[in-house]
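Report on the structure
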Amino acid sequence: MASNAPVLKRSESIADSMPEALRQSRYHMKKCFAKYIEKGKRLMKLNHLMLEMEQAVDDKAERTQLLEGLLGYILCTTQEAAVIPPYVAFAIRPSPGLWEYVRVNANDLSVEGLTGTEYLKYKEMTVDETWAYDENALEIDFGAMDFSLPHLTLSSSIGNGVSYISKFLTTKLNNSPWSAQSLVDYLLSLNHQGENLMINETLNTVSKLQSALIVAEAALSSLPNDTPYQSFEMRFKEWGFEKGWGDNAERVREMMRSLSEILQAPDPINMERFFGRLPIIFNVVLFSVHGYFGQSDVLGLPDTGGQVVYVLDQVVAFEEELLLRIKQQGLNVKPQILVVTRLIPDAKGTKCNVEFEPVMNTKHSHILRVPFRTENGVLRQWVSRFDIYPYLEKYTQDATNKIIEIMEGKPDLIIGNYTDGNLVASLMASKLDTTLGTIAHALEKTKYEDSDIKWKELDSKYHFSCQFTADLIAMNTADFIITSTYQEIAGSQERPGQYESHTAFTLPGLHRVVSGINVFDPKFNIASPGADQSVYFPYTEKQKRFTTFRPAIEELLYSKADNAEHIGHLDDRKKPIIFSMARLDTVKNITGLTEWYGKNKRLRNLVNLVIVGGFFDPSKSKDREEAAEIKKMHTLIEKYQLKGQMRWIAAQTDRKRNGELYRSVADTKGAFVQPALYEAFGLTVIEAMNCGLPTFATNQGGPAEIIVDGVSGFHIDPSNGDESSNKIADFFQKCKEDQEYWNRMSIQGLQRINECYTWKIYANKVLNMGCIYSFWRRLYNAEKQAKGRYIQTFYNLQYKSLVKNMPVKMDETPQEKPKE
Ligand code: UDP
Ligand code: LCN
């Protein structure tokens, strides 16, 4: 958009202002709209609209003037347009989360506002007119169930759910005695295995609690700060207080003061802190269903990327934080965390056939593996995440029984990961009435262009009809949604977020989602993950480095011969290395990076290229996309004659060695490059930055937020290979001229990590969410129940019938006993 473009007044809608904008350039616009409709009905993206506008308005000066006006602004904020001659229906997104729909009649340039539903119908007409005109087509409207719930209004506040809720609760408690009593009732309900915590029935009203707090605070004021709780426990119990306030007089006093203030005149900061300290969460279940999920030898297997790393690191961070909180609450309780995944009998040398396994670096956390069962017995082989849906309902029942048996009761918090884990988590949470958080590391919908409207074409391969339906069920069941970045929820100025793309979409012939999820819902929160800093630490920390890997890494990077682990070699080892590591999915664009490098002579003269990912024989890949990418890599290596300047290393499974690999690349004064077409978060980006490796990462998705361009690393545009490869070359050129430049970028990357991307920050935030949303769901119980009924209907009537049509793997064997 031109910098001086007139922006709409806040009060004006696009439908109000567009007629005037069209009138200003009526002659050109008539030509332009004639061009848009000349090819008949179709769906157009912004680049098509712009291209055809350029063709219609061939005078450059006129075009520039036009683009600098209001019309330019409207066009630039258009995401797509459905052309049904003589109409062109626009989906316009003036800012993150905010959409407007209008239709323009190409004959007379008249403009009318459309509702979201009307726009979706235009979109459907491009592929299926019968469905679009069907008055009884199924419409899914989760928004209709949410009308009485509070919502954010500012795009800039999206993702700050906890803070919004704290403010909202503050106002509610200030204005209504009913809410204060709800808080008392909630405190009364807190217990651990039937033993009361915080207060008992003696203090069952606001006024009784307030009076008792005054007495207790007076008693505490005479005690030294470090007086253990046990020494005044009996007296407090007589007054109606139970354990959980703190382990010593100081902490109990702080907590009681906090509550007194909340009951007198609440403020949001105090509110958030108070909830974060309440003894609510002891037992947590994390679902990460599709495998392979293991602690070693799984990375690099299909479907086993960052999610496994994330969940394992997450458990360690949760356990540490829970142990600290429980100690400070003065309780003697062991937390339990179960990571629940699938047991795969054909485990391919991994431990994915082991039922119960302690999580490394924890004391009380375990992996529980539950097999997929069908009427023929246990399913032995791995199943792609796209084909997993038929097994999930039975899996949920089996997993729930097993979890309750192990935990001797129900968990306090359930967290799902990815579509399958989220669906299972929602079914279980609804059944047990437990607080639910969901995480979608990557929602598939945005990864494939027009995946909604083209669902019929894609369904046999990807089963998106099931996936998107399952995603909606999980998002709407969740009490809170944990995201890694703002982008994940509401995208950027230019691009809609992953969740935002579920606001309104349509699967013609199946259902029209008029309100799938609202990104202004306060359930959305941002908690970015970190990287394990005992593995990914700066290359400068020489005494900590894993020197035992040196010979292996030397061989991996520099030996001359091709073998099963690497192909290609580096002739000039004095050159810095640009390094990338990822699964060989199309979206990771590793082949794109290889091509950019191949084409850019200047870059080739400055640096070598090292890639880690996939393996070399496409016929051995079980993954459809991976096989295609492997073939492409071979073609590119040949085409650009890369041997001598490029090393391609097969997927690596040893995290510690990978940590040392990043650092070895840093030793060469190289850089990490993450060229993905879209990346939800991008763990490799923060791993590299933790190792002090300057990083270039895609501007599409999470990395755009992780890195401040030119300060803590660099953004690259995956759709503009020349610009990106030149940006990398410029960096290395500059490093040659200014010896300190590389060090500065390395240090600034590390600073960014330590300020924003650590597991400690993450665990603290997420457990606070668990606590505050446990109360929130109680407060809005009636609304939750009503929505639950709607979700249940959707699940039973729609999801289950979709699943029935999916193939179930047949080569199963009778139930066998899993290894202990
Ligand atoms: N990884 C690995 N070996 C490989 C490729 C990737 O160990 O051959 C690890 C990588 O270090 C990171 C994770 O897998 O921890 C990938 O996470 P990321 O978020 O970058 O991408 P995802 O695969 O989850 O989409
Ligand atoms: C899945 C992805 O695609 C990545 O972008 C994330 O970094 C990873 O999960 C962990 O959250």
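None of the values given here were measured: they were computed from a predicted structure.

This part is about the site of ligand 2. Taken together, Gly 306, Tyr 310, His 441, Ala 442, Glu 679, Ala 680, Phe 681, Gly 682 and Leu 683 are the residues near ligand 2. At a separation of 3.4 Å, an oxygen atom of ligand 2 approaches a polar backbone atom of Ala 680. Between ligand 2 and Phe 681, the relevant distance is 2.8 Å, taken from an oxygen atom to a main-chain nitrogen or oxygen of the residue. In the complex, 92% of the free accessible area of ligand 2, which totals 290 Å², lies under the protein chains. For the shell around ligand 2, the per-class residue count stands at 5 nonpolar, 3 polar and 1 charged.

Per the UniProt annotation, the sites labelled "domain: Glycosyl transferase family" (unreviewed entry) are residues 570-740. Secondary structure content for residues 570-740 is 44% helix and 15% strand, while the C-alpha to C-alpha distance between its ends is 26 Å.

Let's shift gears to the site of ligand 1. Around ligand 1, a shell composed of 18 residues is seen, among which Gly 306, Arg 583, Lys 588, Gln 652 and Glu 687 lie nearest. Here a nitrogen atom of ligand 1 sits 2.7 Å away from a polar atom, N or O, in the main chain of Gln 652. One of the backbone nitrogen or oxygen atoms of Thr 684 is found 3.3 Å away from an oxygen atom of ligand 1. Within the complex, 91% of the 540 Å² of free accessible area of ligand 1 lies under protein. Contributions of two or more residues to the shell around ligand 1 are made by α14 (306-328), α24 (655-667) and α25 (683-690). Looking at side-chain class alone, the shell around ligand 1 contains 7 nonpolar, 7 polar and 4 charged residues.

On to the sheet that holds strand β4 (residues 98-105). Spatial ordering of the open sheet is given by β1-β2-β3-β4-β5, a layout of 5 strands whose pairing is antiparallel. What marks the edges here is a single partner per strand, and that holds for β1 (42-45) and β5 (111-114). With strand direction ignored, the average angle separating the axes of adjacent strands in the sheet is 25 degrees. Summarising the sheet, β1 and strand β2 (residues 78-84) pair through 4 bridges and their orientation is antiparallel. Within β2, the position partnered with Lys 45 by the bridge is Glu 80. Sitting on the sheet, helix α1 (residues 14-24) is in contact with β3 (87-95), β4 and β5, with an inclination near 40 degrees to β4. Each of β1, β2, β3, β4 and β5 is contacted by helix α6 (residues 116-125), which is oriented at about 60 degrees to β2, the strand it contacts most.

In contact at an axis separation of 11 Å, helix α8 (residues 161-175) and helix α29 (residues 759-779) are set at 45 degrees when each is read in the N-to-C sense. Classified by the interaxial angle, the pair formed by α8 and α29 is oblique. Considering the relative orientation of α8 and α29, their crossing is left-handed. Of the residues in α29, those touching α8 at Gly 161, Val 162, Ile 165, Ser 166, Phe 168, Leu 169 and Lys 172 are Met 769, Ile 772, Tyr 773, Phe 775, Trp 776 and Leu 779.

Backbone torsion omega between Pro 85 and Pro 86 reads 5 degrees, so that peptide bond is classified as cis. The omega torsion of the bond from Gly 291 to Tyr 292 falls at 5 degrees, within 30 degrees of zero and hence cis. Inspection of the secondary structure puts Tyr 292 in the loop between β9 (283-287) and α14. Look at Asp 303: it is not a glycine, yet its phi comes out positive at around 65 degrees.

Taken as a whole, this structure holds 50 aromatic pairs when the rule is applied. Note on Tyr 310 and Tyr 762: the rings are 5.7 Å apart at their centroids and 85 degrees apart in plane angle, and the pair reads as edge-to-face. Highlighted residues: Tyr 310 in helix α14 and Tyr 762 in helix α29, separated in sequence by 452 residues. Seen from their ring centres, Phe 579 and Phe 672 are 5.6 Å apart, and the 70 degrees between their planes marks the pair as edge-to-face. On the criterion of sequence distance, the pair formed by Phe 579 in strand β22 (residues 577-581) and Phe 672 in strand β25 (residues 671-674) is long-range, its members being 93 residues apart. Both residues of the pair, Phe 579 and Phe 672, count as buried. Clustering of aromatic rings is evident, with ring pairs tying together Tyr 229, Phe 232, Phe 236, Trp 239, Phe 241 and Trp 245. The ring of Tyr 558 is capped by Arg 573, whose NZ or CZ atom sits 3.8 Å from the centre of that ring. Against the face of Phe 546 rests Lys 656, its NZ or CZ located 5.2 Å from the ring centre.

As for its placement among the helices and strands, Cys 32 is situated in helix α2 (residues 26-38). Placed 202 residues apart in sequence, Cys 32 and Met 234 show a C-alpha to C-alpha distance of 82 Å. Ignoring sequence-local partners within four residues, the contact set of Cys 32 consists of Met 53 and Ala 56.

Moving on, we come to the side chain of Arg 657. Mapped onto the secondary structure, Arg 657 falls in helix α24. Classification of Arg 657 by relative accessible area gives buried; the value is 15%. Apart from residues no more than four positions distant in its own chain, Arg 657 is found in contact with Phe 549, Ala 552, Ile 553, Leu 556, Glu 565 and Gln 652.

Let us now look at the nonpolar core. If you look at the biggest cluster of nonpolar residues, it comprises 224 residues, and the most contacted ones within it are Phe 241, Trp 245 and Phe 287. Here the element with the most residues in this core is α29; it accounts for 12 residues. Not counting residues within four places of it along the chain, the set of residues in contact with Phe 287 comprises Val 340, Tyr 395, Ala 399, Ile 403, Ile 414, Ile 415, Gly 416, Asn 417, Gly 421, Val 424, Ala 425 and Met 428. Within the second largest apolar cluster, 31 residues are counted, among which are Tyr 36, Leu 70, Leu 71 and Val 83.

Glancing now at the pattern of salt bridges. Applying the stated rule across the entire model yields 51 salt bridges. Salt-bridge contacts for Arg 103 lead to Glu 112; the nearest nitrogen and oxygen are separated by 2.8 Å. Residue class for Arg 103 comes out buried when judged on its relative accessible area of 16%. Under the relative-accessibility criterion, Glu 112 is labelled partly exposed at 40%. The partner of Arg 583 in a salt bridge is Asp 585, with the nearest N and O atoms 2.8 Å apart.

Attention now goes to α1. Residues of α1 that are buried include every one of Ile 14, Ser 17, Met 18, Ala 21 and Leu 22, and no others. Looking down the long axis of α1, one finds its buried residues gathered within 140 degrees of arc, a one-sided arrangement. For α1, the exposed residues set more than 90 degrees away from the buried face come down to Asp 16 and Arg 23. In this fold, the buried residues of α1 make contact with α2, α5 (70-76), β3, β4 and β5.

Definitions and limits used
- Residues numbered from 1 in each chain as written.
- Chains lettered and ligands numbered in written order.
- Predicted model: local features only at pLDDT ≥ 70, side-chain atom pairs only at ≥ 80, totals over all residues.
- Heavy atoms only, no water.
- Near = heavy atom within 4 Å.
- Polar contact = N/O pair within 3.5 Å; in protein donor to acceptor, adjacent residues only side chain to side chain.
- Areas by Shrake-Rupley, 256 points an atom, 1.4 Å probe, with all protein chains shown as cover.
- Nonpolar A, V, L, I, M, F, W, Y, C, P; charged D, E, K, R; others polar.
- UniProt positions renumbered as here; feature names shortened; annotations may be inferred.
- Helix = DSSP H or I, 4+ residues; strand = E, 2+ residues; numbered from the N terminus.
- Pairing = 2+ DSSP bridges.
- Axes fitted to C-alpha atoms, helices over the stretch in contact; angles between N-to-C directions.
- Contact = heavy atoms within 4.5 Å.
- Parallel < 35°, antiparallel > 145°, perpendicular 65-115°, else oblique.
- Left-handed = near helix turned anticlockwise from the far one by under 90°.
- Phe/Tyr/Trp six-rings, centres within 6.5 Å; stacked < 30°, edge-to-face > 60°.
- Buried < 20%, exposed > 50% of the residue type's maximum accessible area, 1.4 Å probe, protein only.
- Lys NZ or Arg CZ within 6 Å of the ring centre and 35° of its normal.
- Core = buried A, V, L, I, M, F, W, Y, C linked by side-chain atoms within 4.5 Å.
- Salt bridge = Lys/Arg side-chain N within 4 Å of Asp/Glu carboxyl O.
- Arc of directions from axis to C-beta.

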